[in-house]
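The lines below spell out each chain.
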Amino acid sequence: MTSLTQRSSGLVQRRTEASRNAAEKDRPSGQEDHGPRRAEDQDDDDTGDSKETRLTLMEEVLLLGLKDREVICKSDAPTGDVLLDEALKHIKDTQPPETVQSWIELLSGETWNPLKLHYQLRNVRERLAKNLVEKGVLTTEKQNFLLFDMTTHPLTNNIIKQRLIKKVQEAVLDKWVNDPHRMDKRLLALIFLAHSSDVLENAFAPLLDDQYDLAMKRVRQLLELEPEGESMKANTNELLWAVVAAFTK
């Protein structure tokens, strides 16, 4: 019954969004709120995020959520991302090497070994949110809840989120290539991570029912792939498929 209610709620939300989009398209040109768009703004929509708002995969997953191989560090050069550099340092300093599955459990704190709790990355969501605040995507507010204040991070730049949603939708609709090895590797990783974090469906909520069903069908095709077999194909990224195997086991 709960799943049926959630499904019905999703349909209502998608229909509401679809109706709103249709109303925007039908609005007479004289009632437009915005003037002609600059060419560089249009280019940003086509090419993705600008350099000033380049997001990491983890930041993109968080933004959408407003809802056995050994891992060997091939390069210990800093990436410029504090969380990634912290994870890479743990991986580089640990001997013998751990498997991908083990590192996901250790870094997330999902380990029963008290001697390895120090590997856990702390306050990940809050640190990602602060990164998005610095990039102008979120803002910081204080809300009072009876006896204490809570820090929240409301969305302040909806353009970037909508651009991200559009990118995810197009990957499984208009730009679907029916071959994971021809897909952009970063976008493929985003789809798998967003699904594992239970936020992927947020990107499909505005779609019409038939578009939603098609998008979810193609996502299921990706989820049903056998990572071990995919990792053995030519010109593939073995580490990507090792991570996929860990998240979809």
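The structure we're discussing is the one just above.
Since the structure is predicted, the reported quantities are computational estimates derived from the model, not experimental observations.

Asker: Would you mind going over the side chain of Glu 98 with me for this structure?
Answerer: Within the fold, Glu 98 resides in the loop between α4 (82–93) and α5 (100–108). On the basis of relative accessibility, which here comes to 15%, the residue Glu 98 falls in the buried class. One polar contact links Glu 98 to Lys 116, side chain to side chain, over a distance of 2.9 Å.

Asker: How should I be thinking about the packing of aromatic side chains in this particular structure?
Answerer: Within a pair of aromatic rings, the relevant descriptors are the distance that separates the centres and the angle that separates the planes. One pass over the structure, following the stated rule, counts two aromatic pairs. Here Trp 103 and Tyr 119 contribute two aromatic rings whose centre-to-centre distance is 5.2 Å and whose plane-to-plane angle is 85 degrees, an arrangement assigned as edge-to-face. Within this pair, whereas Trp 103 is found in helix α5, its partner Tyr 119 is found in the loop between α5 and α6 (124–134), the two being separated by 16 residues in sequence. Among the residues examined, Trp 103 registers a relative accessible area of 3% and is labelled buried. Residue class for Tyr 119 comes out buried when judged on its relative accessible area of 12%. Ring geometry for Phe 192 versus Trp 241: centroids 6.1 Å apart, planes at 70 degrees, classification edge-to-face. One end of the pair, Phe 192, is in helix α8 (residues 185–196); the other, Trp 241, is in helix α12 (residues 238–248), and 49 residues separate them in sequence. In this structure, Phe 192 and Trp 241 share a single accessibility class: buried.

Asker: Please explain the pattern of salt bridges as it appears in this structure.
Answerer: Where side chains of opposite charge bring their charged atoms close, a pairing between them can arise. Applying the stated rule across the entire model yields seven salt bridges. Notably, a salt bridge pairs Arg 186 with Glu 60, separated by 3.1 Å at the nearest N-O pair. Of the charged contacts, one joins Lys 233 and Glu 230 as a salt bridge, the two residues approaching to 3.2 Å between their closest N and O atoms. Of the residues examined, Lys 233 reaches a relative accessible area of 42% and is grouped as partly exposed. Under the relative-accessibility criterion, Glu 230 is labelled buried at 8%. A network of salt bridges, in which partner residues are shared, links Glu 60, Lys 167 and Arg 186.

Asker: When you look at the pairing of strand β2 (residues 148–152) in this model, what are you seeing that I'm missing?
Answerer: Look at any regular strand and the pattern is simple: side chains alternate between the two faces of the sheet. Here five bridges tie strand β1 (residues 141–145) to β2, and the two strands are oriented antiparallel to one another. Each residue of the ladder has a partner; that of Lys 142, found in β2, is Thr 151. Turn length for the β1-β2 hairpin, with the two strands adjacent in sequence and antiparallel, is two residues, and the turn residue Leu 146 shows positive phi of about 55 degrees.

Asker: Mind showing me how you'd approach helix α7 (residues 158–172) here?
Answerer: Each α-helix winds once per 3.6 residues, and so residues spaced three or four apart point in a common direction. When the terminal C-alpha atoms of α7 are compared, their 22 Å separation across 15 residues agrees well with the 21 Å that a helix rising 1.5 Å per residue should span. The N-terminus of α7 is capped by Asn 157, whose side-chain oxygen sits 3.2 Å from the backbone nitrogen of Ile 159.

Asker: Explain the packing of helix α3 (residues 57–64) against α7 to me, please; I cannot follow it from the model alone.
Answerer: A pair of packed helices can be characterised by two numbers: the angle between their axes and the separation between those axes. Relative orientation of the contacting elements α3 and α7 amounts to 100 degrees, with a least axis distance of 10 Å. The angle between the axes of α3 and α7 places the two elements in the roughly perpendicular class. Between α3 and α7, the residues in contact are Glu 60, Leu 63 and Leu 64 and Ile 160, Lys 161, Leu 164, Ile 165, Lys 167 and Val 168, respectively. Classifying every residue of the contact of α3 with α7 gives six nonpolar, no polar and three charged.

Asker: Would you take a moment to explain the nonpolar core for this structure?
Answerer: One broad trend across soluble globular proteins is that nonpolar side chains are buried collectively. In this structure, Leu 64, Val 168, Val 172 and Phe 204 are the most contacted members of the largest nonpolar core, which totals 47 residues. Among the elements that take part in this core, α8 stands out by supplying seven residues, more than any other. Setting aside residues up to four positions removed in sequence, Val 168 forms contacts with Leu 64, Leu 190, Leu 200, Ala 203 and Phe 204.

Rules used throughout
Per chain, residue numbering runs from 1 following the sequence as it is written. This being a predicted model, a pLDDT of at least 70 is required before a residue's local features are given, and a value of 80 or more before pairs of side-chain atoms are given or counted; all residues contribute to the totals for chains, interfaces and linings. Only hydrogens and water are set aside when side-chain values are computed; all heavy atoms of the structure are taken into account. Only runs of H or I of at least four residues qualify as helices and only runs of E of at least two qualify as strands under DSSP, and these elements are numbered from the N terminus. For every residue, the accessible area obtained with a 1.4 Å probe (protein chains only) is divided by the maximum for its type, and the residue is called buried under 20%, exposed over 50%, and partly exposed between those limits. The term polar contact refers here to a pair of N or O atoms within 3.5 Å; inside protein, the definition further demands a hydrogen-donor-capable atom paired with an acceptor-capable atom, and it admits residues adjacent in sequence only when both atoms are side-chain atoms. A pair of aromatic rings is counted whenever rings of Phe, Tyr or Trp (Trp by its six-membered ring) have centres within 6.5 Å, and the orientation is called stacked for planes under 30 degrees apart, edge-to-face for over 60 and tilted otherwise. A pairing counts as a salt bridge when a side-chain nitrogen of Lys or Arg comes within 4 Å of a carboxyl oxygen of Asp or Glu. In this description, strands pair whenever DSSP reports at least two bridges between them. What a helix should span is 1.5 Å times the count of its residues minus one. Working convention: axes come from line fits to C-alpha atoms, limited for helices to the stretch in contact. Angles between N-to-C directions cover 0 to 180 degrees. Just so you know how the angles are binned, under 35 degrees is roughly parallel, over 145 roughly antiparallel, 65 to 115 roughly perpendicular, and the rest oblique. Two residues qualify as a contact provided that any one of their heavy atoms is within 4.5 Å of a heavy atom in the partner residue. Side-chain classes follow a simple rule in which Ala, Val, Leu, Ile, Met, Phe, Trp, Tyr, Cys and Pro form the nonpolar group, Asp, Glu, Lys and Arg form the charged group, and the remainder, Gly included, forms the polar group. We call a set of buried residues a nonpolar core when its members are Ala, Val, Leu, Ile, Met, Phe, Trp, Tyr or Cys and they connect through side-chain atoms within 4.5 Å of each other.

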